[in-house]
Structures are given as C-alpha cells and as structure tokens.
Amino acid sequence: MRTLKFVSVVLLLIVISLSNAKIVQAGSPTDIFISEYVEGSSNNKGLEIYNGTGASIDLAAGNYVVQFYFNGSASAGHTIALSGNVADGDVFVVADSSAVFAGSADQTQGGAWFNGDDAVVLKKGGASGTILDVIGQVGTDPGNGWGSEPTTTVDSTLRRKLNVCTGDTNPNDAFDPAVEWNGFELDDFTGLGSHTVDCNILVVNSTGDGPDNNPGNGMCETSTAGECTLRAAIMESNALTSVANTIQFNISGGGVRTINLTSALPDITQPVTIDGLAQPGATCDGWPAAPNLLVELNGSNVPVTLGNPPTPPTGLHLKAGTSTVHGLVINNFTKNILNVDVGIGIRVSSDANTISCNFIGTNAAGQAAAANAFGIAMLNAATNVISGNLISANSQSGIAIVGDGGEAQNNTIRDNYIGTDKNGTADLGNAKDGVLLVNAKNNPIQDNLIAGNGGDGLDMTDFVGTHPDFGPIAGCTTPPCATGNTITGNKIGTGKDGNVTTLGNGKAGIQIEDAEGNTIQNNTIAGNSQNGVLIKDQNSASCSKGTNPCAINNKITQNSLFDNGSLGIDLTLGTSADGVTANDANDTDNNGGNRLQNFPVLDSVNGTTIQGRLNSTANRTFRLEFFSNTSLDGSGYGEGKTYLGSLDVTTDGSGNASFSFSQAAVDGQVTATATDLTTGDTSEFSKPPQTLTSVYLPVILK
C-alpha cells in the first residue's frame, strides 16, 4: 500500500447475502473481494479490493486478475494482472491511469476500462482461475446498466454493504446492485481507500421454516440453495460461538411477512440480537401508536413438546443471556391442555436481555387479539429490560416474572402498553393480570400503561407452595422473595391520557399478597373494578421469611387514586378485601396488610387549615399525606385524586399526635393517609371531615 489507509472492523463470524439466488455465507472472509466500484465521468474508473482474511496477500504471487466483459460478451475483453501486497484489514485500489484519483491508487492501468453495462470479474489463479467476485452478469447486456438510481452501475459509485463479507462467485445469476451495494452520486470518491465490514450478521430472506443444512459451517442455508429462514439463522447463530451475532430480515414481498412455525424454534443458547426493524419499511418511530412492524411469528401450528415436563408452545426462548429482541410481532403461541391455556410468546431464563418494540399477543396492526397464553414469562432471571412493547390480549398474564428456587430480580419493566391496543384507548386486556410478580424482588416497574386486563393490573406475591398458574413453587434463594419492587409513574386502569375510561382492570389496580418492603409512588390508579391498591396478609400467625411471609412495610405515596370500584387502599387480614378497617388503640394489631396501620382522623377544614389527629405506635414519626377528591368511596371514606402535600408528626408516649396543615383554597373533599417512617407501612385513606366547604393546596407546613 502507498497512500490509501484505513482501519476496518472484522467481527469474524457470518456473512449473509440478501439475494434470493445466492448462498447465505458466513465466517471471516476467505479471500479478497471488491468493496468499491467507481464508474465516474470520463476516465474516472476504479476498483477498491478488500482483504479481511487475517493475513497479508501477495497479489502477484496469487496471480490475481481483474477482467472486464464488454457489452454482454461471454469472453473477457480486457485483463489486468494485479501486483502488490494488501495487508489484512486493508484495501488495494486499482484505477484508470487517467482518473483524477490515480495518484492515490496502488496500481494504475491504461487501455480499455468498463462502462456501466460491462461486467467486472475478480479472479485468483489467472484468467482461467477461480472467480472471487462479480459485478454485473457475464454474457448479458443490460442496456444502459444494472440497477436504478441511486444504486446503479452507470454514472455512480457503489460501496459494499457492511454485512457483505465475501464476493459474488456466480457470474451467471441475475444482478441487482441494491442487494449488496449502496449507491452514491457520480464522481463521489470520498469513501475510496477505506472499508469496514461487520461479518456477524445473519439475514433471514424467507418466511419458510426449514432448518439449517449444516449448523456451524459458516453458512445460514436450508436444503433450498440460498434460503435463510429464522430457524436456520438461530441454529447457525447457536453453533457459531466466537462473538454475539445479529439476525436481521430482508424478506421479499410487500406488507407483513408472516413466518408460520410448525414446531418450536431452537432455544437461543448464544447471545444474539434479533432485529425485526431491519426488514425494509419497518420502524419503531412514533411508539406506541405509529410503529410499522413487518415480521410476524405465528405459533398457531406449534404443538406442545412432549417431555418431563412437557414444553409449551414458545415463540422465542432466551436461554443464553445478553440478547435483544425487537421489532417483531409474536402471536398465537398457545394450546389448551385440560382447560388450561399454555404457551409463551417470549420465555426468558437468562440475564441481561432486552425486549423492546414488539407486539406480543396482538395482530401486526396492534388492534386485534392474536393471543399467546403468557406474553412474556421469566424464570429465575435478572437484569432484563422489557421496554416499549405492546403486550396485550394474551389468555393468561401479559408479563410474569417468577422466582422458583432462584432469584428473579432487578428486571426493568418500563414504557409498555399492557392490556390496551397500540393507541392506548381500547381494551385488549390480557385475560388475567397485566403484570404478575411471584417471588420477584428489586424490579422497577415504571411509566407503563396497564389497563383492560381481566385480573389485577399488577399482582405481586411472596409464595411457597402450589401456585395456580405455575404449580409447585419453592420460593427464592434469599427471603423475603417479593421485596424492593418500585412501582412508579404508571397509569393503571386509565387510558393513555390518565383520565378514567372504560378500560379499568377486572380486579384491583395493584394487589400485594404476603409481600413486604415495596414502594408504590406517583402512579395514577383509577377506574379499576375493585380496589385501587389491595394489600393482603393471608398469614394470621407470625411472619416468617420464606415460609410464612407477611404483607408489611409497603409504602404508598403521592399517587392519584380515584373512581375505583372499592376502597382506594384496602389493608386486609385474610384472602380477600374486607373494606374499611377501623383504627385500634395504639395500633397494636401487627397482623394484616401493612400491620393494619391506623389512618389519620380529620376533624375540620377551616379556611386554609386542615386539623386532625393520629393515634398509633407511641414515640414514632409518621408522614401524613393529604389529598382532595371530587367524590368519595361508597363507604364514605375517600380515595386520593389530587395530592396536596405532606406533614411529618411524632406521636407521644401515649401514641397520640395532633396536627394542623395549611393550604390555599380549592374545592373538593379532603382525605389523608399515614405512613410509619420506621416501617414504611401506609394506612388506608381517612374519612373526610364531617363538614367541608372548601379544600386548599399547601403553602405552609406546620
């Protein structure tokens, strides 16, 4: 090399041709190929040749040549013998000796050069040697040239796409430059002398379901020459273990490309990115209402796989970890066995995966049901991210995260629509819970829309025994098992605008069963058929981590709760909601949800001041939160639609504290809660004062 230098990135795995006629090949390049083609004005003609083989190549010793086939001839009209060394990861430029860039080329040559209607062939071993690469179609005169603007062989520059890591070795197949090349304007030489490849990309080019012909041979190809299916790509990715792989899609035809699976896909055992957004025309722009997802996985024909235990129909099983799935429509993975729907859209049994911008359980339009049983199910998985998906219309729960003899922790669920259509305005509810956490800890659940579901919007439980959905559950490794979860910024039961619609959830907005130490903050929880928040302690005896967990230490703060079918917050001892729990002297009832924390008693609202009292545990500091409401619960006790502010009070030795909270005037009914700052237990809502003429926003805390 003389003056043209660059740094290339070679990821030493797979190469895929997007052509329907060409073998889908993989692995680091085994020989040189053409990386840039210049068919410019006048004598501005040249070729850039790339070496990614891992070793320097002596072009003269290998008897490498370039041949031009003029005007559809089947015989070469001009041959250029190449001479010089090209280092691994470098390029070699050969140019017309009269080209404006000839002085920067590695080799120049006079005489006849190609035009846009002439085929170009790179060979090793002389004029009769092995074909390494072809531009055009030998023996065919295309007229003016191959392709169409901007990607054409006439009056343009062509640069090889990054995922192409080997040459086109068939001189007789139809040639469309758009398959492997990017087109640039006439006399654009800006990329000449540098080339980068990314050889770990597998491109699915078929909606078929055939297996890979020879996993691990560096080629994604079924028994049909040139065909790469999703099944074949996963098999090849699993067999190629050097680096993480990417599976993209370029399936010909218009509209949604549906892959009708006939059996479960292979478990994903090597890190991989499955990128449905690479399908031409697909986009996630304008989430959630405007994505255009064009690759659909249909599991209608996937059976239950027999075994001990049997495996339910599953779309994708992320078993390796550090994988990404985005831009897919995944539906109809369900079978009914003994009147129970089984199946999973995406199963996760590994860590650090990302699931984003998918429609799971709906059609490709995101507006009609095409149910899986579970949308996403995780078992003993950690640090996964579920973000920006539509997860609706599934016949079990939308998302289930389960710890069973291991830890299900630090998984983030954010910015999803769970139970609605893609517009966030119509009911496409999951038949059971929107989100189900069983023995799952330290999971942030934030900024989701969770509405329309048949069960609870979110159900969180610490459980050991036989679970109705999952059978025997052993609990987690380190109890308590369902703790440290933060539920923030969600809209639970409403439409996307946060106002009450007809969506709701079929039971409570949030239900916590025998789980401790969780936080519910800054959510809008409204329109649900039962309670806004239900905290159930089903263990009437003493709490015991791992064997007899209790629903305690759950903080509920600064939420907007209104228009739910029952109490905004219901603390109960037992298996079902029980309505308002009366205060008891000095709050000695330690059993029950949040230890049945006493609520404040509001005595009066006078001008700008709310006055009242709290009786609870002696010598303890509590945070009182005040709310205004446009209407009350049927019991006469409030919910808490508009958060007004808070005041900390400390009880005396008798467990009593009086308070006065000042505010600026607004209309409505005032309610309050009390949270023990030592334990985190939050009470039910108080009853408003008997007489109330106006309510006020806070300006001073006394």
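Up top is the structure these notes are about.
Here is a short report on the structure shown in this document.

**Regarding the overall build of the protein**
Along the backbone of the protein there are one helix and 57 strands. Expressed as lengths along the three principal axes of its C-alpha atoms, the size of the protein is roughly 105 × 60 × 40 Å. Relative to its 702 residues, the protein shows a buried fraction of 57%. Residue pairs at least 24 apart in sequence account for 72% of intrachain contacts in the protein once pairs closer than 6 positions are excluded.

**Observations concerning the sheet that holds strand 22 (residues 328-331)**
In space, the ten strands of this open sheet follow the order 17-19-22-27-30-34-38-43-46-49, with parallel pairing throughout. A single partner strand is all that each edge strand has here, and the edge strands are strand 17 (257-260) and strand 49 (560-562).

**Section: the state of the cysteines**
A complete count under the given rule lists three disulfides for this structure. Residue C220 pairs covalently with C228 via a disulfide, S to S 2.0 Å. On the sign convention where negative is left-handed, the bridge of C220 and C228, at about 85° about the S-S bond, is right-handed. Each sulfur in the disulfide pair C284 and C357 lies 1.8 Å from the other. On the S-S bond that ties C284 to C357, the torsion sits near 110°, and the link is right-handed. Residue C284 is located in the loop between strand 18 (272-275) and strand 19 (295-298), and its partner C357 is located in the loop between strand 26 (354-356) and strand 27 (359-360); the two are separated by 73 residues in the primary sequence. The exposure class of C357 is buried, given its relative accessible area of 6%.

**Some remarks on the pattern of salt bridges**
All chains considered together, the criterion is met by 15 salt bridges. Among the salt bridges present, the one from R613 reaches D603, with a minimum N-O distance of 3.1 Å. A residue pair is termed long-range when its members are at least 10 positions apart, and R613 in strand 52 (residues 609-615) and D603 in strand 51 (residues 601-606) qualify at ten residues. For R613, a relative accessible area of 44% translates into the label partly exposed. Here D603 falls in the partly exposed class, since its relative accessible area comes to 39%. Residue R623 is joined to D648 by a salt bridge in which the shortest nitrogen-to-oxygen separation is 2.8 Å. One end of the pair, R623, is in strand 53 (residues 621-629); the other, D648, is in strand 54 (residues 642-650), and 25 residues separate them in sequence. With a relative accessible area of 35%, R623 lands in the partly exposed category.

Cut-offs used in this document
- Residues numbered from 1 in each chain as written.
- Predicted model: local features only at pLDDT ≥ 70, side-chain atom pairs only at ≥ 80, totals over all residues.
- Heavy atoms only, no water.
- Helix = DSSP H or I, 4+ residues; strand = E, 2+ residues; numbered from the N terminus.
- Buried < 20%, exposed > 50% of the residue type's maximum accessible area, 1.4 Å probe, protein only.
- Contact = heavy atoms within 4.5 Å.
- Pairing = 2+ DSSP bridges.
- Disulfide = S-S within 2.5 Å.
- Salt bridge = Lys/Arg side-chain N within 4 Å of Asp/Glu carboxyl O.

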